[in-house]
Amino acid sequence: MGFARYLAKRAITMFGVLMATLLITVALVGSNMDTILKQSVAVEVRTAITNDKHIIIDFPSPEALEKYIQDQIKQREIVLGLDKPWYTPQRLGLAMYRILTLDFGHAKFLTSDTGSSDVKDIILEKMPRTILLFTTATVIISIIGILVGAIASSKVNSKIDKITSAFAVISSSFPVWWVGLLMIFLFAFVYPIFPARATPTVPVTDPGYYLSLLYHMSLPLITLVLIGFGSWSYLVRNFLVGVLQEDFIMAKKAAGIDKKKILYSHALKNAAPPIITILALGLSGSLGGSIITEAVFDWPGMGRLYYEAIGVLDLPVIIGETYVLTAFFLVSIFLADILYGYFDPRVRRQ
Amino acid sequence: MSFSPREIRDEFLKNNIGLIGIGILGALFGLSIIAFVTIPAESLRQWNDPASWLAYPKSAMPAWINYFLPQKIPEHLVLLPQASTQKSGDIISVTNLFAVDYQYDSFPSDFIYQYGAKYSGSPLIFMSVARPDGMVLQLISTSLPSARTEAKFTGMIFSTDDSMKKNLKNNSGKFSFSLDTLSSGDIVFSKLDQNKILKGHYIFKVTIYNVGGNLSLDESKFILGGKVYGLMGTDELRRDLAVGLLWGTPLALFIGITVSVGSVILGLVYGVFAGYKGKKTDETMMRLNDIVYAMPVLPLLIILAVTVGNSIFLIVGFLVIFGWVGIAKVSRSMALQIKELQYVEASKLMGQKGWKIIFKHIIPQLLPYTFASIAISVPGAIITEAGLSFLGLGDPTFPTWGQILHDASSYGAAERGLWWWIIPPGIMIAITGLAFVFMGHAMDTIVNPKLRR
């Protein structure tokens, strides 16, 4: 099987996952969505008619007017296809098609900072902040992790190795958001260095906004790094220990090549495929976890948007966000696949 | 790849980390039993009912904080009476004595006497306090509403009562400072020469007299208001956090163990079946596995909890739906190896049925690995459920640790420095997770000897 075929197969699976996730989401919120759409149609039609003085005058009694309004609502529902239940293939297909083309409709309650209620605008506004926070965190985590992991693997069973392992196990047992609460307690209450709420207080239009955003980002960033790098360096250590036991390393050692050089150039290169894969997966995984992390720190990104949308059951936003998060997740898995194949020729030649 | 149970047990007993894990788990089970025995399931329903927590203080620190403080903060005390009934002729009198050894460095915020009386007629109630210096202060004397037929009356006497203040001010000659602006508590617990705390034994005495009718008292208690309470303190809604933390233990264990056992068994059977059947079946089953594997878990869990429901059993089910995939992948590849072994071939040739081979010959080989993965997947389940509860999507009828943290976060406990509301639930989550990680790690070193190096 060639690498291209392998990738094509993965791409098809990914697309299947995207569709399945969407279908599940639409199916789960479908009936609620119907009620909401019908309500908004009814309100729309009613206000349109009652605001039009000429129509109202033409009716002899309020009952006749009411009947006329109901008829108009029915007609409008038929035009929009709302007369059929949400699970008919037509409506499902239409819903999926609209989501695929990034047409998420309008949010019910939530708006973007600039006041737009278009779900696409809201998500696009929040996305850079989430990417900023989590990409920065992942980059820092992976740098620290690779360094610490390499040091630990070069001295297996030493004190530093044991501390790394212990820290990895313990730090991954705490929920990130709980450590977040603790950090807020420590650095916003006991030592008031950072703000407790990560939403900048200056308006978006202010030139100092981005500086303020960076300052507010420090506490969530520190938390993510603190919780993340332990298990990450443990993983790197384990991969490296595996590679360091291979024959070619022994041969290099016997040839008298510098130990550090073996570790950082030869061993690390060989451990790269799984490390990079997990890095890509970790990034996407942390994006999913952003929902809780951003809620704790009140970081104005996609995760908090999702949390707010659930609070008020803003279905268009929920569907749009699920789609975007899933797409992110899948793209990074796909990237991990490509990178793995690139770094590990065995996958290509399979 | 095969291990006898004896070998596994011996290896396990040699592993210190595994033993620590077992030890913690044992302690957690002990806590669960204590929770079941001491706290009736009924009080579980009261957890979210503010009315049942009125006698407790608001956001009080744990009482043991006093050991670390030079100035002892008054503890919130709920005193139970020493009751006695006397009868002489027509007169019946019930006396409740509440003794307290007051050794704190500031005045109590208030005190409340709560009682339920069953009587007919019109009884009189007297309340007085005997101080460590021997002085007896009359606090209140009043009558209960009269009742012709036997009636039940529940009442409270507050230290803010005006007539109590008036009674105390009658003693102003004995105090060398003005009592005008002081509250009743500040007078009762004060030294005579200056308005400072008088430490020692106080006895509050409540007597109810009734002439001609019958009289019985129940549910009477004396609440001495303070700023620290109990082992774990209380939250903003006056709830005793010790109750919530204790009940969280069996709930977390239930969620963690059910989810991991469920998903490991499901994944094991699914993976082994796919691996054993091979070909088209394997291909289709693994594609489905890929699809579930690549789904974003948390967003879908949230949508499921919002739309389908958030009872604790449903959440366990949702977690199983997303939990089985990893195990299915590994057990499939293991099954692929095992089915090539000669004894499996032999039993196939002997005409054994497929499912019999799976359950009799392949799955038993995978059991050690299974136990390790059950243990390792418990913390993930506990943390995910806690996360859902933290978002406010957990089962509202049970006080889980995640829920306590959700309340803490929504009342801004972190910014306000209410550490006793935040730290214990998180530590409990981590300890429970660690117990299983340790055990899983110990199992892993037995199953994969490569890790021992």
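Shown above is the structure to which this text applies.
Bear in mind that the values here come from a model prediction, so they are computed numbers and not experimental data.

(A) Expanded view of empty space enclosed by the protein. Residue and element names in this part refer to chain B. Per the counting criterion, the structure on display carries two cavities of 30 Å³ or more. Here the largest cavity is characterised by a volume of approximately 60 Å³. Taken together, Gly248, Leu251, Ala252, Ile255, Ile382, Glu385, Ala386, Thr400, Trp401, Gly402 and Ile429 form the lining of the largest cavity. Listing elements by their share of the lining of the largest cavity, those giving two or more residues are α6 (241–277), α12 (354–390) and α13 (401–410).

(B) Here's a closer look at the interface of chain B and chain A. At the interface, 42 residues of chain B touch 46 residues of chain A. Across the interface of chain B and chain A, roughly 3800 Å² is buried in total on both sides, 79% from carbon and sulfur atoms. Where chain B meets chain A, there are two residue pairs in polar contact (both at pLDDT 80 or more). When contributions to the side of chain B that touches chain A are tallied by element, the ones reaching two or more residues are α7 (279–293), α8 (297–307), α12, α13, α14 (413–416) and α15 (419–447) of chain B. Top contributing element to the side of chain B that touches chain A by residue count: α15 of chain B, with eleven residues.

(C) Spatial organisation of the sheet that holds strand β2 (residues 82–88) of chain B. Residues and elements named next belong to chain B. What the five strands build is an open sheet, ordered β2-β3-β8-β5-β6; its pairing is antiparallel. In this open sheet, the two edge strands, each paired with only one partner strand, are β2 and β6 (136–143). Each strand axis lies, on average, 15° off the axis of its neighbour in the sheet, ignoring direction. As paired strands, strand β5 (residues 124–130) and strand β8 (residues 200–211) are joined by seven bridges and run antiparallel to one another. Residue pairing in the sheet places alanine 130 in a bridge with isoleucine 203 of β8. Docked against the sheet, helix α4 (residues 162–169) engages β5 and β6, running at close to 145° with respect to β6.

(D) Structural context of the environment of aspartate 395 of chain B. Residues and elements named next belong to chain B. Checked against the element boundaries, aspartate 395 lands in the loop between α12 and α13. The exposure class of aspartate 395 is buried, given its relative accessible area of 9%. In this structure, the C-alpha to C-alpha distance between aspartate 395 and glycine 212, residues 183 residues apart in sequence, is 54 Å. Here the side chain of aspartate 395 touches isoleucine 312 through a polar contact of 2.7 Å, landing on its backbone nitrogen.

(E) Layout of the layout of surface pockets. All names here are of chain A. Volume-wise, the second largest pocket comes out at about 880 Å³. Taken together, 29 residues make up the lining of the second largest pocket; nearest its centre are Met33, Leu37, Leu82, Arg91 and Arg98. If you list the elements that add at least two residues to the lining of the second largest pocket, you get α1 (3–51), α3 (62–80), α4 (89–100) and α12 (315–343). Per element, the largest residue contribution to the lining of the second largest pocket is nine residues, and it comes from α1. Partitioned by chemical class, the residues of the lining of the second largest pocket number 15 nonpolar, six polar and eight charged.

(F) Here's a closer look at the pattern of salt bridges. All names here are of chain B. Considering all chains together, one arrives at 15 salt bridges over all chains under this definition. Of the charged contacts, one joins arginine 131 and aspartate 133 as a salt bridge, the two residues approaching to 2.9 Å between their closest N and O atoms. A relative accessible area of 4% places arginine 131 in the buried class. Note that aspartate 282 is salt-bridged to arginine 332, the shortest N-O span being 2.7 Å. One end of the pair, aspartate 282, is in helix α7; the other, arginine 332, is in helix α10 (residues 325–338), with 50 residues separating them in the sequence. Judged by relative accessible area, which is 22%, arginine 332 ranks as partly exposed. Shared partners join several salt bridges into a network, and the residues in it are Glu283, Arg287, Asp290 and Lys329.

Parameters at a glance
- Residues numbered from 1 in each chain as written.
- Chains lettered and ligands numbered in written order.
- Predicted model: local features only at pLDDT ≥ 70, side-chain atom pairs only at ≥ 80, totals over all residues.
- Heavy atoms only, no water.
- 1 Å grid on protein atoms, 1.4 Å probe; cavity = no way out; pocket = protein on both sides within 12 Å on 5 of 7 lines; lining within 4 Å.
- Points joined across faces, edges and corners; volume = space filled by probe spheres on them.
- Helix = DSSP H or I, 4+ residues; strand = E, 2+ residues; numbered from the N terminus.
- Contact = heavy atoms within 4.5 Å.
- Buried area = accessible area lost by both parts, 1.4 Å probe.
- Polar contact = N/O pair within 3.5 Å; in protein donor to acceptor, adjacent residues only side chain to side chain.
- Pairing = 2+ DSSP bridges.
- Axes fitted to C-alpha atoms, helices over the stretch in contact; angles between N-to-C directions.
- Buried < 20%, exposed > 50% of the residue type's maximum accessible area, 1.4 Å probe, protein only.
- Nonpolar A, V, L, I, M, F, W, Y, C, P; charged D, E, K, R; others polar.
- Salt bridge = Lys/Arg side-chain N within 4 Å of Asp/Glu carboxyl O.

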